Amino acid sequence: MSSQICRSAAPRAARSLLSSYSKQCSRSISGGRAAAAATAVSLRGFIPSLASFGREERTNASRAWISGVIALPAAAYMLQDQEAHAAEMERTFIAIKPDGVQRGLIAEIISRFERKGYKLVAIKVLVPSKEFAEKHYHDLKERPFFNGLCDFLSSGPVVAMVWEGEGVIKYGRKLIGATDPQKSEPGTIRGDLAVVVGRNIIHGSDGPETAKDEIGLWFKPEELVNYTSNAEKWIYGVN
Ligand code: IDP
Ligand code: MG
């Protein structure tokens with residue numbers, strides 16, 4: 001968004017002044033609402049001033065340059081603010097288990113998270129080893145179904161994902177539904193698409209600590225992608 005404004009609206013002179021922090025625009029593809037607004041503010045004075053360049057315009061132009069120069073640190077500050085906001089966004093670990101994959105439900109499940117407004121920041125398909133499954137479900141090791149559960153998770157391909165968004169950990173669990181599909185509400189993933197607890201097709205982290213641990217178990221840090229999606233300015237906002 002901000003890089004578009006940089007490209008299309010800024011005259012060359014303005015662009016050169018902005019170049020010092022345009023790197024920041026492209027660095028994280030951030031340029032969300034705050035950055036776009038800040039850039040637009042900083043450019044407002046430049047555009048008419050360079051269209052026709054008489055004496056009066058030169059005066060206006062110099063005022064505009066000054067206001068632009070003042071606006072630049074503010075824009076940079078707001079960019080940082082935007083990046084800090086992005087860093088605060090919650091992330092959760094979601095996995096489509098072998099039954100969900102074999103039943104052809106990958107797209108259906110992904111679309112429910114995507115349509116809600118959450119952002120996919122990591123995804124891969126893998127067959128976990130039994131040992132890995134035991135690590136993932138370590139908190140259930142005393143349960144009678146633990147061994148069968150770990151056998152099952154390691155029996156075929158799993159789609160491992162990280163989804164990002166405000167409240168995604170708790171609300172992701174709502175999208176998934178109760179552990180036992182017999183008790184999951186219609187409209188939830190398990191409620192609509194599964195029948196028994198042993199084949200409930202999807203896993204989702206149950207809290208912030210678990211989310212952090214599970215993301216760390218399944219993904220290397222460099223497999224997580226930081227980006228701002230174009231839709232975010234339509235998904236988040238206050239009136
Ligand atoms: P969750 O997946 O909703 O977080 P947990 O209690 O963490 O539920 O259990 C992990 C997984 O273990 C469940 O998704 C389900 O596949 C399996 N599971 C849970 N309870 C039972 C049970 O009573 N019998 C068989 N499998 C179970
Ligand atoms: Mg659980």
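Computed from a predicted model, the values in this text were never measured in an experiment.

Draft legend 1. Just helix H9 (residues 146-153), in detail. Where H9 is concerned, the buried positions are Phe146, Leu149, Cys150, Phe152 and Leu153. Buried residues of H9, seen end-on, are gathered within an arc of 160° and therefore sit on one face of the element. In this structure, the buried side of H9 is in contact with helix H6 (98-102), helix H8 (130-136), strand S3 (158-164) and helix H12 (208-218).

Draft legend 2. Examining the site of ligand 1 more closely. If you check the shell around ligand 1, you find Lys97, Tyr137, Leu140, Phe145, Leu149, Arg173, Thr179, Arg190, Val197 and Asn200 and nothing else. One of the side-chain N or O atoms of Lys97 is found 2.9 Å from an oxygen atom in ligand 1. Thr179 has a polar side-chain atom sitting 2.5 Å from an oxygen atom of ligand 1. Contact with the protein chains hides 75% of the accessible area of ligand 1, taken as 530 Å² for the molecule alone.

Draft legend 3. Up close: the sheet that holds strand S2 (residues 119-126). The strand order across the open sheet built from 4 strands is S2-S3-S1-S4, with neighbouring strands paired in antiparallel fashion. Pairing within the sheet leaves two strands with one partner each, and these edge strands are S2 and strand S4 (202-204). If you compare each strand with its neighbour and ignore which way they point, the axes differ by 15° on average. Sheet topology places S2 next to S3; 7 bridges connect them, and they run antiparallel. The partner of Leu126 across the bridge, within S3, is Val158. Lying over the sheet, helix H7 (residues 106-116) contacts strand S1 (91-96), S2, S3 and S4, oriented at roughly 5° with respect to S3. Those strands touched by helix H10 (residues 168-176) are S1, S3 and S4, and its axis lies near 25° from that of S1.

Each value, and the rule that gives it
- Per chain, residue numbering runs from 1 following the sequence as it is written.
- Lettering of chains starts at A and numbering of ligands starts at 1, both following the order in which they are written.
- Two thresholds apply to this predicted model, a pLDDT of at least 70 for residue-level local features and 80 or more for giving and counting side-chain atom pairs, whereas whole-chain, interface and lining totals are computed over all residues.
- Note that the side-chain values use all heavy atoms of the structure and ignore hydrogens as well as water.
- Three exposure classes are used, based on accessible area relative to the maximum for each residue type with a 1.4 Å probe and protein chains only: buried under 20%, partly exposed in between, and exposed over 50%.
- Numbering goes from the N terminus for both helices and strands, where a helix is a DSSP run of H or I of at least four residues and a strand is a run of E of at least two.
- Working note: the arc is built from the helix axis to C-beta atom directions.
- Throughout, a residue-residue contact means that at least one pair of heavy atoms, one from each residue, lies within 4.5 Å.
- Here a residue counts as near a molecule or strand whenever at least one of its heavy atoms sits within 4 Å of it.
- Under the rule applied, a polar contact is a pair of N or O atoms within 3.5 Å (in protein, one hydrogen donor and one hydrogen acceptor; residues adjacent in sequence only if both atoms are side-chain atoms).
- All accessible areas in this document rest on Shrake-Rupley with a 1.4 Å probe, and a residue is counted as covered only by the protein chains that are shown.
- Pairing between strands is defined by DSSP: at least two bridges between the two strands are required.
- To define axes, lines are fitted to C-alpha atoms, for helices over the stretch in contact only, and angles between the resulting N-to-C directions are given on a 0 to 180 degree scale.

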